[in-house]
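# Report on the structure
Residues per chain are reported as follows:
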Amino acid sequence: MSEENSIRIEEVESVAPPPKARVEDAETAPEKLERKRDYLEGFLAAKPAPVDPHGVGGDLYEAVVAALKDIYDPEIPVNIYDLGLIYNVEIDEGHVVVTMTLTTPHCPVAESMPGEVELRVGAVPGVGDAEVNLVWDPPWSPANMSDEARLELGML
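So, here's what we can say about the structure.

What counts and what doesn't
- Residues numbered from 1 in each chain as written.
- Predicted model: local features only at pLDDT ≥ 70, side-chain atom pairs only at ≥ 80, totals over all residues.
- Heavy atoms only, no water.
- Helix = DSSP H or I, 4+ residues; strand = E, 2+ residues; numbered from the N terminus.
- Buried < 20%, exposed > 50% of the residue type's maximum accessible area, 1.4 Å probe, protein only.
- Contact = heavy atoms within 4.5 Å.
- Areas by Shrake-Rupley, 256 points an atom, 1.4 Å probe, with all protein chains shown as cover.
- Polar contact = N/O pair within 3.5 Å; in protein donor to acceptor, adjacent residues only side chain to side chain.
- Arc of directions from axis to C-beta.
- Pairing = 2+ DSSP bridges.
- Axes fitted to C-alpha atoms, helices over the stretch in contact; angles between N-to-C directions.
- Salt bridge = Lys/Arg side-chain N within 4 Å of Asp/Glu carboxyl O.
- Core = buried A, V, L, I, M, F, W, Y, C linked by side-chain atoms within 4.5 Å.

## Some points on the overall build of the chain
Helix and strand counts for the chain come out as four helices and three strands. Along the chain direction, N to C, the helices and strands of the chain fall in the order α-α-β-β-α-β-α. Taken across its 156 residues, the chain has 28% of its residues classed as buried. By sequence separation, contacts in the chain at least 24 residues apart represent 56% of the contacts at least 6 residues apart. In the structure as shown, the chain presents an accessible area of about 12,000 Å², 54% of it carried by carbon and sulfur atoms.

## Focus on the side chain of Thr101
Examined against the element boundaries, Thr101 turns out to sit in the loop between β2 (95-100) and α3 (113-122). A polar contact is formed between the side chain of Thr101 and the backbone oxygen of Val135, at a distance of 2.8 Å. Apart from the residues within four sequence positions on either side, Thr101 is in contact with Leu85, Tyr87, Leu134, Val135, Trp136 and Trp140.

## Regarding helix α2 (residues 59-68)
Because each turn of an α-helix spans 3.6 residues, side chains separated by three or four positions in sequence point in the same direction. Turning to α2, its buried residues are Leu60, Tyr61, Val64, Val65, Ala67 and Leu68. End-on, the buried residues of α2 take up no more than an arc of 160°, which puts them together on one face. Here the buried face of α2 lies against β1 (86-92), β2 and α3.

## Side note on unusual backbone geometry
In this model, Asp137 is joined to Pro138 through a cis peptide bond whose omega is 5°. Inspection of the secondary structure puts Pro138 in the loop between β3 (129-134) and α4 (147-152).

## What about the sheet that holds β2?
Strand order in the open sheet formed by three strands is β1-β2-β3, with mixed pairing between adjacent strands. If you trace the sheet from one side to the other, it starts and ends with β1 and β3, each paired once. In this sheet, adjacent strand axes meet at a mean angle of 15° when their direction is disregarded. Across six bridges, the pairing between β1 and β2 is antiparallel. Within β2, the residue paired with Ile91 across the bridge is Val96. Running at roughly 155° to β3, α3 makes contact with β2 and β3 of the sheet.

## Some thoughts on the pattern of salt bridges
When the charged atoms of two side chains with opposite charge come close together, those side chains can pair. Applying the stated rule across the entire model yields three salt bridges. Where Arg120 meets Glu116, a salt bridge forms, and the shortest distance between an N and an O atom there is 3.3 Å. Taken together, the residues span about one helical turn, with Arg120 and Glu116 both in helix α3 at a distance of four residues. On the basis of relative accessibility, which here comes to 30%, the residue Glu116 falls in the partly exposed class. Across the pair Asp147 and Arg150 runs a salt bridge whose closest N-O atoms are separated by 3.4 Å. Here Asp147 pairs with Arg150, and both are found in helix α4, just three residues apart, close to one helical turn. Classification of Asp147 by relative accessible area gives partly exposed; the value is 49%.

## Description of the nonpolar core
Ranked by internal contacts, the top residues of the largest apolar core, which has 30 residues, are Val64, Leu68 and Val117. For this core, the elements supplying multiple residues, two or more each, are α2, β1, β2, α3 and β3. The biggest single contributor to this core is α2, with six residues. Not counting residues within four places of it along the chain, the set of residues in contact with Val64 comprises Val89, Ile91, Val96, Val121, Val124 and Val127.

Honestly, it's all geometry; don't read function into it.
Shown next, in the form of structure tokens:
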């Protein structure tokens, strides 16, 4: 067997530790530990404005939107919120006004859908009464749909 292909074993008693890294710096230890001036200083000092529970992002508003997302168009397997049928939700001390449209004035649920929206929104805890305004201007178009709705319908 040639010496090139053989394995050589060497036994050692100990190994010298590797040298420690040394950094020469003018700063002393306390200076290094002191917090440096933050470029965001003052930016985060102001507390965020409290969220109006009745406004967009508030708990009551989100609960109303969740109730609207539970209502499905009978002809299209997508909820009316993601279909873009809800144009506006206004909340004023427990009174909710929903402005909505339908896909077409001749929609088979034109008479029942606003009543269902009013019942579902009125059932949300914190809502005193609900009102639905059915409008036809601007008319609904597929462009009003959310990306989720388009994906569900295979339009993306």
